[in-house]
Amino acid sequence: MRRLRQIMIMLIAFLVIGIFADGASVTTYAKSGKTKVTKKSITLYKGKSKKIKLKSFKKAKSVKIKNNGKSVVSVKRKAGAIVIKSKRLGRATVTVSYKVKKKKYQYKIKVKVKRGGANSSGSNGSSSTGTSSKTSKKKGKTKYSYDVRVISQGTIYSDAMVYVKTDNPDGSFHFEKEDCIVSTAPKSYINISFIDKKTYSVPGGYLVNVILDESSDNVLELYENKKGTFGIYTGIRVKIQTGCFDKEEQVWIQQMYERASGYVKQGYYTSPNGSKMTLPVEDIGEKHCMMRAMEAMVLDDFKYLKTTYDQDGEYVVVSEFGVSDQPYWKTMRVTCLLTTRIMRKFADKLGLPNEDTYAGYGDHHYATVIIDGEKVIFDASPSSKASLVEYGSWKMLDVTQLPNNSNAVIIKD
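Residues numbered from 1 in each chain as written. Predicted model: local features only at pLDDT ≥ 70, side-chain atom pairs only at ≥ 80, totals over all residues. Heavy atoms only, no water.

Relative to the helices and strands, T308 is located in strand β21 (residues 307–309). Owing to a relative accessible area of 3%, T308 belongs among the buried residues under this scheme. At 2.4 Å, the side chain of T308 and the backbone oxygen of V389 are in polar contact. Excluding residues that lie within four positions of it along the chain, T308 makes contacts with E314, Y315, V316, V318, L388, V389, E390, Y391 and W394. (Helix = DSSP H or I, 4+ residues; strand = E, 2+ residues; numbered from the N terminus. Buried < 20%, exposed > 50% of the residue type's maximum accessible area, 1.4 Å probe, protein only. Polar contact = N/O pair within 3.5 Å; in protein donor to acceptor, adjacent residues only side chain to side chain. Contact = heavy atoms within 4.5 Å.)

Our next topic: the sheet that holds strand β16 (residues 217–224). Reading across from one edge, β12-β11-β16-β17-β27 is the order of the five strands in this open sheet, with antiparallel pairing throughout. Two strands lie at the open edges of the sheet, namely β12 (180–181) and β27 (408–412), each paired on one side alone. Sheet analysis places β16 next to strand β17 (residues 232–241), joined by seven bridges and oriented antiparallel. Residue pairing across strands places V219 opposite K239, the latter belonging to β17. (Pairing = 2+ DSSP bridges.)

Time to look at the environment of N225. Note on placement: N225 falls in the loop between β16 and β17. Every residue in contact with N225, bar those within four places of it in the chain, is listed here: S172, F173, H174 and G231. Side chain to side chain, N225 and H174 meet in a polar contact 2.6 Å long.

Let us look at a nonpolar patch on the surface. A grouping of Y309, Y315 and L388 is seen on the molecular surface, where their side chains present a nonpolar patch of about 340 Å² in accessible area. With respect to the element layout, Y309 can be found in strand β21. According to the relative accessible area criterion, Y309 is partly exposed, its value standing at 49%. (Patch = residues over 30% accessible without salt bridge, like charges linked within 9 Å, V, L, I, M, F, W, Y side chains within 5 Å. Areas by Shrake-Rupley, 256 points an atom, 1.4 Å probe, with all protein chains shown as cover. Salt bridge = Lys/Arg side-chain N within 4 Å of Asp/Glu carboxyl O.)

Taking 1.5 Å of rise per residue, 16 residues should cover 22 Å, and helix α4 (residues 286–301) covers 22 Å from first to last C-alpha, within 8% of that figure. All buried positions along α4 are accounted for by H288, C289, M290, M291, A293, M294, E295, A296, M297 and V298. (Expected span 1.5 Å × (residues − 1).)

Moving on, we come to the confidence of the model for the protein. Looking at the protein, the pLDDT average stands at 83 and 85% of residues meet or exceed 70. Across residues 117–136, where pLDDT falls below 50, the model places 42 contacts with residues more than four positions away in sequence or in other chains. (pLDDT = per-residue confidence, 0-100.)

Attention shifts here to the environment of D348. If you trace the backbone, D348 turns up in helix α6 (residues 336–349). When its relative accessible area of 38% is taken as the criterion, D348 is described as partly exposed. Sequence separation between D348 and V369 is 21 residues, and the spatial gap between their C-alpha atoms is 9.6 Å. A distance of 2.9 Å separates polar atoms of two side chains, one belonging to D348 and the other to N354.

Below, the structure is given as structure tokens:
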């Protein structure tokens, strides 16, 4: 009996942890409805691929594959599996969603593509022969001079903007973390005056975005590109401590929950203009009233991201640096995708099944929530027309004068 109990414990542990051949662990948890999300992290070497088997994938219908790093990896579907092939150093997240009968599956796979030495190999036995191992940390002889400053204004979460002051004429440099290139093209903030948007050059240098891991110290190294090698270490490291987006978002959601509870208790919601919306708990239930109160608060508290027509007559969203690079509950500016996320998070807190629903026009989305067996729509997106601004009416920023973020430390070896 004791032996049987030990075997059962080991079997349960195996199922919960989800041990894979490459040593990565997977956490599976139930989300809204019957959807299960499986998280996995894998490491590939440049030029190599990995086949990942997915549960019931052969019978899958309505398969959606989202790859946020198409320049880093490619993804192909095969019977019962997907194949992820590395293309360049960097990081990517691949999300695979599908349905088998009434059961929904979702895999979220974080991929890290590293350079491989002559003797390095992945779990699938792949190797990257003919390439050198990681460049020595000793400062190399660079052709140009470099200085850096992290200029993101708010608490840093998933990425940061870095100003690189250099006499490098074509921006041929990159940041690395753990053998991965983590620098990307920056967001086209409209209140920053770029000299050249192809190289993202600004007075005195360039702007780059760096990809960060949440809730950890990110140590990034700056390399000068050199033909035939992986680059020369400049002797500059940037150490950035990130916050935890999910944790702080849950704190904000709790605050909104308490506000909504107060309105439901008094039986009505009062908007800033003095109008009242009744919250009839006896007629539609407490959770439905909580969702309605939350929807009203979001509509009143937030504004749609500024939109306008540029000098060429193109309709654009105005991403303003210093505002747009902070969490939405600080900027108080949203899109329909963000308001859908908010309403779904609130529904999760209330234990209500929910999903993201495409409205069928433009790129508009809203939240569909199951309450007492019925689908209820919650569209908390403020009117985009109310946020129209004239092109050029915003204040232009001088990035050369912005201070280094307090969460970042510049280290010069």
